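# A structural walkthrough
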Amino acid sequence: QFPLGRRLPCDIYWHGVSFHDNNIFSGQVNKFPGMTETVRKITLSRAMRTMQNLFPEEYNFYPRSWILPEELSLFVEEVRTMKDSDPSWKPTFIVKPDGGCQGDGIYLIKDPGDIRLTGSIQSRPAVVQEYICKPLLMDELKFDIRLYVLLKSLEPLEIYIAKDGLSRFCTEPYQEPTLKNLHQVFMHLTNYSLNIHSGNFIHSDSVNTGSKRTFSSILCRLSSKGADVKKLWSEIISLVIKTIIALTPELKVYYQSDIPAGKPGPTCFQILGFDILLMTDLKPVLLEVNANPSMRIEHERESSPGVFENVPSPVDEEVKVAVIRDTLRLVDPQKKKSKDTQLIWLTEHPVDEYFCVCTISMKDKQHKHHSLKLSLKLKFYLKLGSCQSLEQVWEVSEELLDAPKSPGAALPSLCLKQVFPKYANEFSHLRLMDRVAALFIRFLGVRGTTKLGPTGFRTFIRNCRLSNSNFSMAAVDILYIDITRRWNSMGIEKESGMCLQAFVEAFFCLARKKYKSLPLHEKVLALTCVCERRLAGLHRKRLVWGCG
């Protein structure tokens, strides 16, 4: 643990919150720059809406969403129109603060007029979504699924999904929303951090019962009732891949800002938490993506009035230990190195006065064996100061693990299943926005920026030869100013210029002008191909001029 940072280089940095927890220049980091910002509720909703506009049938797993306060009037108008066209439609909506977590600030409404228009709506924007009124129930309780996804690499894209996850249950029997029960959070919200305070919450020593269970136990019950579990898993895998494809354009902009291409620097990986709800027909619906899912394998219990102790949680240990263990196996730098070096684990969140012994690889084979055993059991906490040397660490771990001196048990099979690039052919057509983001990044110009200036936008138009008699450079400037001004008024960033989402809006506008009769995704694809072809031709000309 190095709460204040570390000067000497490390193979793996394990940060508590974000990529910028410490200054790093090499090795591997367990966070991507910009991930926290990218999976915030508003940014995620905008990314999903872009993909829904391009591929509506492929992205129908994300609820219809509106962004507050900027789309409040649009929300009111669309709801009124839908009610007029279908008087029997009795919707419920859920309001989620953009920066909220653990259920903080979430509430349900039946009518747009019920939105709490306090002063905080401006300072704390939110997303309002259609509420899923008919979720799959188990034991008459609503539940969601937390799946752990490893984004091992951004370029090339490499995604793994844990074979098991957590099912988190509400603690009051579910009823469809009415004006009388809208406020009953223990009935409607599945957040563990909320339901843990319910008197009905059940801590179980079994992974198959209680208010938190393994997802595999749910699948077993569904299978016993004749459900097609293989189809469900296939749809969940598809949901995860499509969601990450929607997020990668924004992530690549942040990535090039912190780690420019062609320059030495760290590589990144990250464990994400996907929250998924199942409908009665077993269709999975994405609720949100968590950049920093909790990896605690214990819970607090009040042993006496006002006195709490940490108690192991078998279901958390079953799932989370395997996820972290196999993440370390997949990113293990020893696979790429000819000699052993020390592997350091950094964290910003010590557990009281304890510290978690993770993998410390030594040149000595006997010690290396023990490091593998330790990585299998990330649950051993040693008091700081109780071990004055590595030898004492091994002695204590030997006693805890009851491990033999000689190399023994093999590691279990990976709990993380690769889904991309394994299934890349099925989803390659969806990566259109990656190509648009590549055009945006190409013209950013200034290192470390994430916004395109007016000169960069004009250069993009000129180099791709997109201006003509019907679309002059003066019209280009007006388009840039109008879109940039509107997007900058929505955000809180001080940096001026055109963000990626504003560039996407401008790009779609250009595509609609140029190709009027095609579906939107074909318009955008056609314009992207034109830009790429003309830029490639320009590059070849410059090479020839350089040789000349």
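The paragraphs below set out a description of the structure included in this document.

Definitions and cut-offs
Residues numbered from 1 in each chain as written. Predicted model: local features only at pLDDT ≥ 70, side-chain atom pairs only at ≥ 80, totals over all residues. Heavy atoms only, no water. Axes fitted to C-alpha atoms, helices over the stretch in contact; angles between N-to-C directions. Helix = DSSP H or I, 4+ residues; strand = E, 2+ residues; numbered from the N terminus. Parallel < 35°, antiparallel > 145°, perpendicular 65-115°, else oblique. Left-handed = near helix turned anticlockwise from the far one by under 90°. Contact = heavy atoms within 4.5 Å. Core = buried A, V, L, I, M, F, W, Y, C linked by side-chain atoms within 4.5 Å. Buried < 20%, exposed > 50% of the residue type's maximum accessible area, 1.4 Å probe, protein only. Domains from an automatic or database assignment. Nonpolar A, V, L, I, M, F, W, Y, C, P; charged D, E, K, R; others polar. Salt bridge = Lys/Arg side-chain N within 4 Å of Asp/Glu carboxyl O. Pairing = 2+ DSSP bridges. Expected span 1.5 Å × (residues − 1). Phe/Tyr/Trp six-rings, centres within 6.5 Å; stacked < 30°, edge-to-face > 60°. Lys NZ or Arg CZ within 6 Å of the ring centre and 35° of its normal.

### Examining the packing of helix α14 (residues 454-463) against helix α16 (residues 500-514)
With their axes 13 Å apart at the nearest point, α14 and α16 run at an angle of 30 degrees to one another. Taken together, the axes of α14 and α16 lie roughly parallel to each other. In terms of crossing hand, the pair formed by α14 and α16 is right-handed. Contacts between α14 and α16 involve Phe 457, Phe 460 and Ile 461 on the former and, on the latter, Phe 503, Ala 506, Phe 507 and Leu 510.

### Topic: the nonpolar core
The biggest cluster of nonpolar side chains holds 100 residues, and the ones touching the most others in it are Phe 274, Phe 457 and Phe 460. Looking at which domains feed residues into this core, each of domain 1 (13-63 + 132-300 + 312-334) and domain 2 (431-545) gives three or more. Those residues within four positions of Phe 457 in sequence are excluded, and the remaining contacts are Leu 452, Val 476, Leu 479, Tyr 480, Met 498, Phe 503 and Ala 506. In terms of nonpolar packing, the next biggest core, distinct from the first, is built from 19 residues, Leu 150, Ile 271, Val 315 and Val 319 among them.

### Some points on the packing of helix α2 (residues 41-54) against helix α8 (residues 229-258)
Packing of α2 against α8 leaves a shortest axis separation of 9 Å and a crossing angle of 105 degrees. Accordingly, the angle class assigned to the pair α2 and α8 is roughly perpendicular. Mapping the contact onto sequence places Leu 44, Ala 47, Met 48 and Met 51 in α2 and Thr 243, Ile 245, Ala 246 and Leu 247 in α8. For the contact of α2 with α8, a count of residues per class yields seven nonpolar, one polar and no charged.

### Details of the pattern of salt bridges
This structure, assessed with the given rule, holds 26 salt bridges. The shortest N-O distance in the salt bridge between Asp 316 and Lys 320 comes to 3.1 Å. Linking Asp 316 with Lys 320, this pair stays in helix α9 (residues 314-330), spanning four residues, or about one helical turn. Here the two residues Asp 316 and Lys 320 agree in accessibility, since each one is buried. Arg 435 serves as the salt-bridge partner of Glu 532, at 2.7 Å between the closest nitrogen and oxygen. In this pair, Glu 532 is assigned in helix α17 (residues 520-547) and Arg 435 in helix α13 (residues 432-442), connecting sequence segments 97 residues apart.

### Here's the deal with the sheet that holds strand β2 (residues 28-29)
Reading across the sheet, the three strands line up as β1-β2-β12 and stay open at both edges, with parallel pairing between neighbours. Looking at the sheet topology across the chains shown, the edges are occupied by β1 (12-13) and β12 (267-268).

### Here we look at the environment of Glu 288
Within the element layout of this structure, Glu 288 appears in strand β14 (residues 284-290). Between the alpha carbons of Glu 288 and Val 39 there is a distance of 7.8 Å; along the sequence they are 249 residues apart. Among residues more than four places away in sequence, those in contact with Glu 288 are Lys 41, Leu 44, Gly 273, Phe 274 and Asp 275.

### Considerations on α2
Between the first and last C-alpha of α2 there are 20 Å, a value that for 14 residues agrees with the 20 Å anticipated at 1.5 Å per step. Extensive coverage of α2 is indicated by the burial of eleven of its 14 residues.

### Regarding the packing of aromatic side chains
Ring pairs (aromatic) are described by centroid distance and by the angle formed between their planes. Summed over all chains, the structure comprises 18 aromatic pairs. Three or more aromatic residues joined by ring pairs make a cluster, and in this case those are Phe 440, Phe 443, Phe 457, Phe 460, Tyr 480, Phe 503 and Phe 507. For the cation-ring pair, Arg 213 lies above Phe 169, with the distance from its terminal atom to the ring centre recorded as 4.0 Å.

### A look at the environment of His 521
Its place among the elements puts His 521 in helix α17. Overall, His 521 belongs to the partly exposed group, its relative accessible area being 28%. Distance in space between the C-alpha atoms of His 521 and Phe 508 is 9.3 Å, their sequence separation being 13 residues. For His 521, the contacting residues outside a window of four places in its chain are Leu 54, Phe 55 and Leu 432.

### Section: the pairing of strand β15 (residues 298-304)
As defined by bridge partners, β15 adjoins strand β16 (residues 307-312) across six bridges and the pair is classed as antiparallel. Directly across from Glu 298, in β16, lies its bridge partner Pro 312. As consecutive antiparallel partners, β15 and β16 are separated by two residues, and within that stretch Gly 306 has a phi angle of approximately 80 degrees, a positive value.

### Describing the sheet that holds strand β5 (residues 107-109)
Reading across from one edge, β3-β6-β4-β5 is the order of the four strands in this open sheet, with antiparallel pairing throughout. Edge positions in the sheet fall to β3 (65-68) and β5, since each of these pairs with one other strand and no more. The average angle at which neighbouring strand axes cross in this sheet is 25 degrees, direction not considered. With respect to the sheet, α2 is in contact with β3, β4 (93-97) and β6 (126-130), its orientation differing from that of β3 by roughly 135 degrees.

### Topic: unusual backbone geometry
Residue Pro 69 is bonded to the preceding Leu 68 through a cis peptide linkage, with omega at 5 degrees. Note that Pro 69 resides in the loop between β3 and α3 (72-85). With an omega of 0 degrees, the peptide bond running from Glu 155 to Pro 156 counts as cis. Summarising the element assignment, Pro 156 is placed in the loop between β8 (141-153) and β9 (158-162). Phi is positive for Asp 139, close to 55 degrees, though the residue is something other than glycine. Along the chain, Asp 139 falls in the loop between β7 (137-138) and β8. Although it is not a glycine, Glu 140 sits at a positive phi angle of roughly 65 degrees. Within the secondary structure layout, Glu 140 lies in the loop between β7 and β8. Residue Glu 140 is classed as exposed on the basis of its relative accessible area of 57%.

### A short note on the pairing of β3
If a strand is regular, its side chains alternate between the two faces of the sheet. Here β3 shows a buried face lined by Ser 65 and Ile 67 and a second buried face lined by Trp 66 and Leu 68. Strand direction decides the pairing type here: β3 and β6, joined by four bridges, are antiparallel. By the bridge assignment for β6, Ile 67 is matched with Val 127.

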